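# Secondary and tertiary structure notes
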Protein chains: 2
Amino acid sequence: MQIAVLLYDRFTTLDAVGPYELLARLPGAETVFVAKEAGQIRNDQGSLALVADRPLAQVTRPDIVLVPGGPGSRQAMRDETILDWLRTADATSTWTTSVCTGSLVLAGAGLLKGRRATTHWLSLDDLRTLGAEPTGERVVFDGKYVTAAGVSSGIDMALHLLGRIGGDAAAQTVQLLTEYDPQPPYDAGSPEKAPAEIVAYWRGQADKVLTVQD
Amino acid sequence: MQIAVLLYDRFTTLDAVGPYELLARLPGAETVFVAKEAGQIRNDQGSLALVADRPLAQVTRPDIVLVPGGPGSRQAMRDETILDWLRTADATSTWTTSVCTGSLVLAGAGLLKGRRATTHWLSLDDLRTLGAEPTGERVVFDGKYVTAAGVSSGIDMALHLLGRIGGDAAAQTVQLLTEYDPQPPYDAGSPEKAPAEIVAYWRGQADKVLTVQD
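Small disclaimer: the values here were computed from a predicted structure and weren't measured. (Residues numbered from 1 in each chain as written. Chains lettered and ligands numbered in written order. Predicted model: local features only at pLDDT ≥ 70, side-chain atom pairs only at ≥ 80, totals over all residues. Heavy atoms only, no water.)

A separate point is the UniProt feature "domain: DJ-1/PfpI" (unreviewed entry) in chain A. Summarizing the sequence annotation, UniProt attributes the feature "domain: DJ-1/PfpI" (unreviewed entry) to residues 2-162 of chain A in the numbering used throughout. Between the first and last C-alpha atoms of residues 2-162 of chain A the distance is 14 Å; the span itself is 32% helix and 26% strand. (UniProt positions renumbered as here; feature names shortened; annotations may be inferred. Helix = DSSP H or I, 4+ residues; strand = E, 2+ residues; numbered from the N terminus.)

Our next topic: the sheet that holds strand β2 (residues 30-35) of chain B. All names here are of chain B. A sheet is described by the order of its strands in space; here 7 strands give the open sequence β5-β2-β1-β6-β7-β11-β10, paired in mixed fashion. Of all the strands in the sheet, the pair left with one neighbour each is β5 (54-55) and β10 (139-142). Across the sheet, helix α1 (residues 13-23) touches β1 (2-6), β2, β6 (64-67) and β7 (95-99), and the angle it forms with β6 is around 150 degrees. Packed onto the sheet, helix α3 (residues 80-92) meets β1, β2, β6, β7 and β11 (145-148) and runs at close to 150 degrees relative to β6. (Pairing = 2+ DSSP bridges. Contact = heavy atoms within 4.5 Å. Axes fitted to C-alpha atoms, helices over the stretch in contact; angles between N-to-C directions.)

This next bit is on helix α1 (residues 13-23) of chain A. Counted residue by residue, α1(A) has 11 buried out of 11 residues, so it is predominantly covered. Here α1(A) has its buried residues at Thr13(A), Leu14(A), Asp15(A), Ala16(A), Val17(A), Gly18(A), Pro19(A), Tyr20(A), Glu21(A), Leu22(A) and Leu23(A). (Buried < 20%, exposed > 50% of the residue type's maximum accessible area, 1.4 Å probe, protein only.)

Within chain A, residue pLDDT values average 95, and 96% of them lie at 70 or more. Here the prediction assigns the complex a pTM of 0.96, and the interface score ipTM is 0.95. (pLDDT = per-residue confidence, 0-100.)

Further remarks concern the pattern of salt bridges. This structure, assessed with the given rule, holds 22 salt bridges over all chains. Where Asp142(B) meets Arg115(B), a salt bridge forms, and the shortest distance between an N and an O atom there is 3.4 Å. In this pair, Asp142(B) sits in strand β10 while Arg115(B) sits in the loop between α4 (102-108) and β8 (116-117), placing the two residues 27 residues apart along the sequence. A salt bridge links Arg138(B) to Asp156(B); the nearest nitrogen and oxygen atoms lie 2.6 Å apart. Here Asp156(B) lies in helix α6 (residues 153-166) and Arg138(B) lies in the loop between β9 (133-134) and β10, a separation of 18 residues in the sequence. Taken individually, Arg138(B) and Asp156(B) each receive the classification buried, so the pair is uniform in this respect. Several salt bridges share partner residues, and in doing so they unite Glu80(A), Asp84(A) and Arg87(A) into one network. (Salt bridge = Lys/Arg side-chain N within 4 Å of Asp/Glu carboxyl O.)

In structure tokens form, the structure reads like this:
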């Protein structure tokens, strides 16, 4: 079971690392971080680089493809090398997945046409423009295509996938070992729950958000 | 506001990246990943390296110190260079924090003596042995010392800290933008909630867990 995590300039770190941390604990899983070229890939905030151990050309048949989001998704969704790799990998993958605006990259590759999918709450309209059918759910399964909402939702996606792949006990084991018993001190994690003035402000800043925060 | 995230060989990635992703979004925050020497630091699973942009010697007065856990904490807690750096940084820090077995490293530096603190549920006894007073809470504040339980709990710790530092609206904004509205499909994230047979198995495997999973 090979899991390939795609990196590109200005990805959002938790989008990749959240589901990676859980999925990679599946017994027998081999995870590889890939990018157009192997080496250091700098994130959206500029303060952290992750290392892609292998170039895309060397990892063409992963069982699971994971595409994180981030402001750099705007470039990645137009990068033919990345899109070609996604189409090739998807041809034989068991699961093709994304977190946050990673779904825009999948959609850019033509993989979500007419499919139910999701993305960061500020990018749902973009996802529709690209031919998918956005839903308000946190994790969306449509056949082998699994998309998660913003940033932290990839952790929930990973638990769903672990259950489908390894069974309930495997997923529960990983949840226990990563102590994923969320207790946020606020209840502001979605536009339905956050204070209305904060939601309104960020909707108004969407252009800025899409370069800085998505 | 400078945030220093300590890396060392065989750290657990989400311990560092979870709180980083949220804390670094605080307006005016500057985050730097540090290690004994600058360069690539490989994680516990072996499949990912993060880049420490600066060596410890160059970052001596951070406002926030964040120490992740991981199997490598067993070496880090005995590494005098790391312990000296922690004591120096702690002398002027506003907040000294850890996730998972990162608290064992803080305790190894003598910073948690007699303090209420926490760690991964399988390491609570070790924390007591090192002179702290472990609690069963997910996030523990004792003055400026803030410790979180296993792996994913650092995200909750970050939200608490954001509230203390920037106020409720700042924390809620970050929660909304990272869409932290947890919806795990299982309720197995603590030893009190997970199926008893899974908890018993891992308690029995604690020695193995402490090299592989903590």
